[in-house]
Amino acid sequence: MFRQVGFQSVTEGGNPPFLIVGHINKAHGRKGELFVWSLTDYPGSHFVPGVVHFPGDESGEKPSASLGRLTIESVRPYRKGFLTRFAGVDDRDAAEGLRGRYLLRPFDAIDEPDEGEIFYHELLGSTVVHRDGAELGVVREVYPLRPADLLAVAGPQGDIMLPFIPEMVVEVDRERRRVVVDPPEGLLP
């Protein structure tokens, strides 16, 4: 029901100019290949030859001013990610210079979410209410974790972490910026 279609943790309301779609984990081999983790549920749109990525700045929030665009020359699945070769990254030293960077794509290059899906940044600032109508707080952060992503909710009773799973999330109302939850007894303070 809910799938991560791109991740950006710094914008409340509206769409950010870029979304994070991957993370460069490490150099692989001596010829400039990089091991990249996908941070999107749509890797087939972002990790194919010809696609242009922007390496993130030190914070990962916007494109680096010192690094240019990265165009994928080749990509192949490897373990839980991809071995990727970018144009102009021809040796291990050049690849090591990109290690630890997030890969960003312009928001207008991101696939539209399917029915029942939502961009995680759309949740930021949303009001979280219990199914019985009691307000629990406001979503301050979304943590994409396994086995369940978590919503960090700041509320009048303190901060709470709620699993973002279909069994708990009854409704997400984009227009009203509201998330209705039905947590099991004992989860809330």
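What counts, and at which threshold
- Residues numbered from 1 in each chain as written.
- Predicted model: local features only at pLDDT ≥ 70, side-chain atom pairs only at ≥ 80, totals over all residues.
- Heavy atoms only, no water.
- Helix = DSSP H or I, 4+ residues; strand = E, 2+ residues; numbered from the N terminus.
- Buried < 20%, exposed > 50% of the residue type's maximum accessible area, 1.4 Å probe, protein only.
- Contact = heavy atoms within 4.5 Å.
- Areas by Shrake-Rupley, 256 points an atom, 1.4 Å probe, with all protein chains shown as cover.
- Lys, Arg positive; Asp, Glu negative; His and termini not counted.
- Charge placed at Lys NZ, Arg CZ, Asp CG, Glu CD.
- Pairing = 2+ DSSP bridges.
- Patch = residues over 30% accessible without salt bridge, like charges linked within 9 Å, V, L, I, M, F, W, Y side chains within 5 Å.
- Salt bridge = Lys/Arg side-chain N within 4 Å of Asp/Glu carboxyl O.
- Axes fitted to C-alpha atoms, helices over the stretch in contact; angles between N-to-C directions.
- Core = buried A, V, L, I, M, F, W, Y, C linked by side-chain atoms within 4.5 Å.

*Asks:* Can you break down the overall build of the chain residue by residue, with the values?
*Replies:* When helices and strands are tallied, the chain shows two helices and 12 strands. Listing the helices and strands of the chain from first to last along the sequence gives β-β-α-β-β-β-α-β-β-β-β-β-β-β. In the chain, which comprises 189 residues, the share counted as buried stands at 44%. In the chain, the share of contacts with a sequence separation of at least 24, taken over all contacts with a separation of at least 6, comes to 57%. Looking at the chain as shown, the accessible area adds up to about 10,100 Å², and 48% of this sits on carbon and sulfur atoms. A distance of 9 Å separates the average location of the 21 positive side-chain charges in the chain from that of its 29 negative side-chain charges.

*Asks:* I'd like a description of the pairing of strand β11 (residues 169–173), backed by residues and values.
*Replies:* Bridge analysis of β11 against strand β12 (residues 178–181) gives four bridges, and the strand direction is antiparallel. Note that in β12 the partner of glutamate 171 across the bridge is valine 180. If you look at the hairpin formed by β11 and β12, you'll find four residues sitting between the two strands, and arginine 177 has a positive phi there, around 50°.

*Asks:* So, a nonpolar patch on the surface: which residues are in play, and what are the values?
*Replies:* There is a patch of nonpolar side chains on the surface, built from Tyr143, Leu145 and Met161 and spanning about 270 Å² of accessible area. By the element assignment, methionine 161 lies in strand β10 (residues 158–163).

*Asks:* Before we move on, could you go through the side chain of histidine 23 and cite the residues and values that matter?
*Replies:* Its location among the elements puts histidine 23 in strand β1 (residues 18–28). Relative accessible area serves as the criterion here: at 16%, histidine 23 is assigned to the buried category. Discounting residues that sit within four places of it in the chain, histidine 23 has contacts with Phe35, Val36, Trp37, Leu39, Gly100, Arg101 and Tyr102.

*Asks:* Break down the sheet that holds β12 for me, citing the residues and quoting the values.
*Replies:* Pairing within the open sheet is mixed, and its six strands lie in the order β10-β9-β8-β7-β12-β11. Two strands lie at the open edges of the sheet, namely β10 and β11, each paired on one side alone. With direction set aside, neighbouring strand axes in the sheet form an average angle of 30°. Note: strand β9 (residues 150–155) against β10, six bridges, orientation antiparallel. Paired with alanine 152 across the two strands is methionine 161, which belongs to β10.

*Asks:* Tell me about the nonpolar core, and name the residues and values.
*Replies:* One finds Ile24, Leu34, Phe47, Leu70, Phe86 and Leu103 to be the most contacted residues of the largest nonpolar core, which totals 19 residues. Counting only elements with at least two residues in this core, the list comes to β1, β2 (33–38), β4 (70–78) and β5 (81–86). The biggest single contributor to this core is β1, with four residues. For leucine 103, the contacting residues outside a window of four places in its chain are Leu19, Ile20, Val21, Gly22, Ile24, Val36, Phe47, His53, Phe54, Leu70 and Phe86. Counting 17 residues, the second largest nonpolar core, distinct from the first, contains Leu136, Val142, Ile160 and Leu162.

*Asks:* Residue-level account of the pairing of β1, with values.
*Replies:* Of all 11 residues making up β1, nine are buried, and the element is well covered by its neighbours. As judged from the five bridges shared by β1 and strand β6 (residues 102–106), these two strands associate in the antiparallel manner. Looking at the pairing, isoleucine 20 lines up with leucine 104 of β6. Across six bridges, β1 lies against β2 in antiparallel orientation. For alanine 27, the partnering residue across the bridge sits in β2 and is leucine 34. Where β1 folds back onto β2 in an antiparallel hairpin, the turn is made up of four residues, including glycine 29, whose phi is positive at roughly 80°.

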